[in-house]
Amino acid sequence: MERFIFDCDPGHDDAVALAMAKGLSEYFKLEAVIATFGNQTREKTLTNALNLVQALELDVPVYEGSTEPLLRERVVAANIHGENGLAGPVFPPCRIKSAGNGIRYALDTVINNPGEITFVSVGPYTDLAVCIKSDPRFAKSLKRIIVMGGSTCGGNVTNTAEFNVYADPEAAKIVFDSGVEIYQFGLDTTLQVMLNEDILNRVRNSEETTYKKIFLASMEYYVKSCKEFIHDYPAMHDPCTIAFLADPSIFEFRKVRVAVDCKSQLNYGATVDLREAENKNVYKAVKADSEKFWNLFFKALERLP
Ligand code: RIB
Ligand code: CA
């Protein structure tokens, strides 16, 4: 059973991914959550992660990730995810506290379990990059890396850059150049898995649960902000990583080497597939079966508190 660390920046779609991680737990073992800066400041994403772990009754520790990118100025996505990073749902007082430094935790856990631990990153890849650079044993000990991010079909922050990479391009370059086997879920694929009114109505007609309220309250906000700023319904970006762990057949892949533009101004944070390169280490998702994805989502939804 694959064991993984989930590094996230909740974030509306990060929250759906955590819910699916809870509901589909027979397929994998979630070891821990690390909250990083990204959609909002680390302080806010940590609060959101703690609230979600408590509401989902996830029995996993929540660690503190990075507060800033490696080099560039920090950017957040308040326009999409709101001032607190997860606008919409209201949570009761949170009883759980942070378990401490996430980078220390990740280094110790991965190095002490060689070949066993997968690192899933669905926010900026800063924590992963710091681990790779901190200790050469880390990359060698990882089972594999799964990331949401990058795009060769246009960006969602600039014309060419996707948010997770744009928020820390230097970290993304370190990760893609690490030589570790990577499964990449960029916009090319995640935009094939879109929320719509039929899905929302199916959830509205489902059994009353705590998570149903969280999902509907968060999606009500997320639909409005996505329609205003990206002129479409939200895509299930981060949940694609969890769906892949549960049922890899939902996706099709092409093997590439990924380069990150850390030099230009206009295309800063863009990713490029080097299809002719040697040592291709990235399995880039190119196709998603949306129906299979949503069937998996509803399978998880039925099991949530
Ligand atoms: O571009 C989409 C990514 O940016 C998702 O991970 C979303 O949560 C935001 O972090
Ligand atoms: Ca995210």
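Structure shown above.
Model, not experiment: these values are computed from the prediction.

Caption draft 1: Inspection of the site of ligand 1 at higher detail. In the neighbourhood of ligand 1, the contacting residues comprise Asp-9, Asp-13, Asp-14, Asn-39, Val-122, Met-148, Asn-156, Glu-162, Phe-163, Asn-164, His-237 and Asp-238. A distance of 3.1 Å separates an oxygen atom of ligand 1 from a polar atom in the side chain of Asn-39. Taking Asn-156, its side chain carries an N or O atom lying 2.8 Å from an oxygen atom of ligand 1. The set of elements that each furnish at least two residues to the shell around ligand 1 consists of α1 (12-23) and α7 (163-166). Within the shell around ligand 1, the residues separate by chemical class into three nonpolar, four polar and five charged.

Caption draft 2: Up close: the packing of α1 against helix α13 (residues 290-301). Here α1 crosses α13 at 65 degrees, and the two axes come no closer than 8 Å. Regarding the angle of α1 to α13, the classification is roughly perpendicular. α13 is crossed by α1, and the crossing has left-handed handedness. Seen from α1, the contacting residues are Val-16, Met-20 and Gly-23; seen from α13, they are Phe-293, Leu-296, Phe-297 and Ala-300. Grouping the amino acids of the contact of α1 with α13 by side-chain chemistry returns six nonpolar, one polar and no charged.

Caption draft 3: Representation of the coordination of the calcium ion (ligand 2). Summarising the metal site, the calcium ion (ligand 2) is bound by the protein donors Asp-9 (OD), Asp-14 (OD), Asp-14 (OD), Val-122 (O) and Asp-238 (OD), whose distances to it range over 2.3 to 2.7 Å. Read N to C, the donor residues that coordinate the calcium ion (ligand 2) are spaced as D-x4-D-x107-V-x115-D. One end of the pair, Val-122, is in the loop between β4 (117-121) and α5 (126-134); the other, Asp-238, is in the loop between α11 (210-229) and α12 (239-246), and 116 residues separate them in sequence. Accessibility assignment for this pair places Val-122 and Asp-238 in one class, buried.

Caption draft 4: Quick look at the environment of Asp-13. Examined against the element boundaries, Asp-13 turns out to sit in helix α1. Considering only alpha carbons, one finds Asp-13 and Tyr-183, 170 residues apart in sequence, at a separation of 18 Å. For Asp-13, the residues in contact, after removing those within four places along its chain, are His-81, Tyr-222, Ala-235, His-237, Asp-238 and Pro-239.

Caption draft 5: How the structure looks around the pairing of strand β8 (residues 271-274). Of the two faces of β8, only one is covered, namely that formed by Thr-271 and Asp-273; the face formed by Val-272 and Leu-274 stays uncovered. Sheet analysis places strand β7 (residues 251-260) next to β8, joined by four bridges and oriented antiparallel. The residue of β8 that forms the bridge with Val-260 is Thr-271.

Caption draft 6: Region of the structure containing the pairing of β7. Bridge count between β7 and strand β9 (residues 282-288): six bridges; the pairing is antiparallel. Residue Phe-253 lies in a different strand from β9, and its bridge partner there is Ala-285.

Caption draft 7: Representation of the pattern of salt bridges within the structure. In the structure shown here, the tally under the stated rule is 20 salt bridges. Ionic pairing is found between Glu-26 and Lys-299, a salt bridge with its closest N-O pair at 3.9 Å. Remark: Lys-299 occurs in helix α13 and Glu-26 occurs in the loop between α1 and β2 (28-35); sequence separation between them is 273 residues. The partly exposed category is assigned to Lys-299, whose relative accessible area is 28%. In this structure, Lys-284 engages Asp-188 in a salt bridge whose closest nitrogen and oxygen atoms are separated by 3.8 Å. In this pair, Lys-284 is assigned in strand β9 and Asp-188 in helix α9 (residues 187-190), connecting sequence segments 96 residues apart. Taken individually, Lys-284 and Asp-188 each receive the classification buried, so the pair is uniform in this respect. A network of salt bridges, in which partner residues are shared, links Arg-3, Lys-29, Glu-31 and Glu-116.

Calculation notes
- Residues numbered from 1 in each chain as written.
- Chains lettered and ligands numbered in written order.
- Predicted model: local features only at pLDDT ≥ 70, side-chain atom pairs only at ≥ 80, totals over all residues.
- Heavy atoms only, no water.
- Near = heavy atom within 4 Å.
- Polar contact = N/O pair within 3.5 Å; in protein donor to acceptor, adjacent residues only side chain to side chain.
- Helix = DSSP H or I, 4+ residues; strand = E, 2+ residues; numbered from the N terminus.
- Nonpolar A, V, L, I, M, F, W, Y, C, P; charged D, E, K, R; others polar.
- Axes fitted to C-alpha atoms, helices over the stretch in contact; angles between N-to-C directions.
- Parallel < 35°, antiparallel > 145°, perpendicular 65-115°, else oblique.
- Left-handed = near helix turned anticlockwise from the far one by under 90°.
- Contact = heavy atoms within 4.5 Å.
- Donors = N, O, S within 2.8 Å, 3.2 Å for Na, K, Ca; no water.
- Buried < 20%, exposed > 50% of the residue type's maximum accessible area, 1.4 Å probe, protein only.
- Pairing = 2+ DSSP bridges.
- Salt bridge = Lys/Arg side-chain N within 4 Å of Asp/Glu carboxyl O.

Shape is all these values report; function is a separate question.
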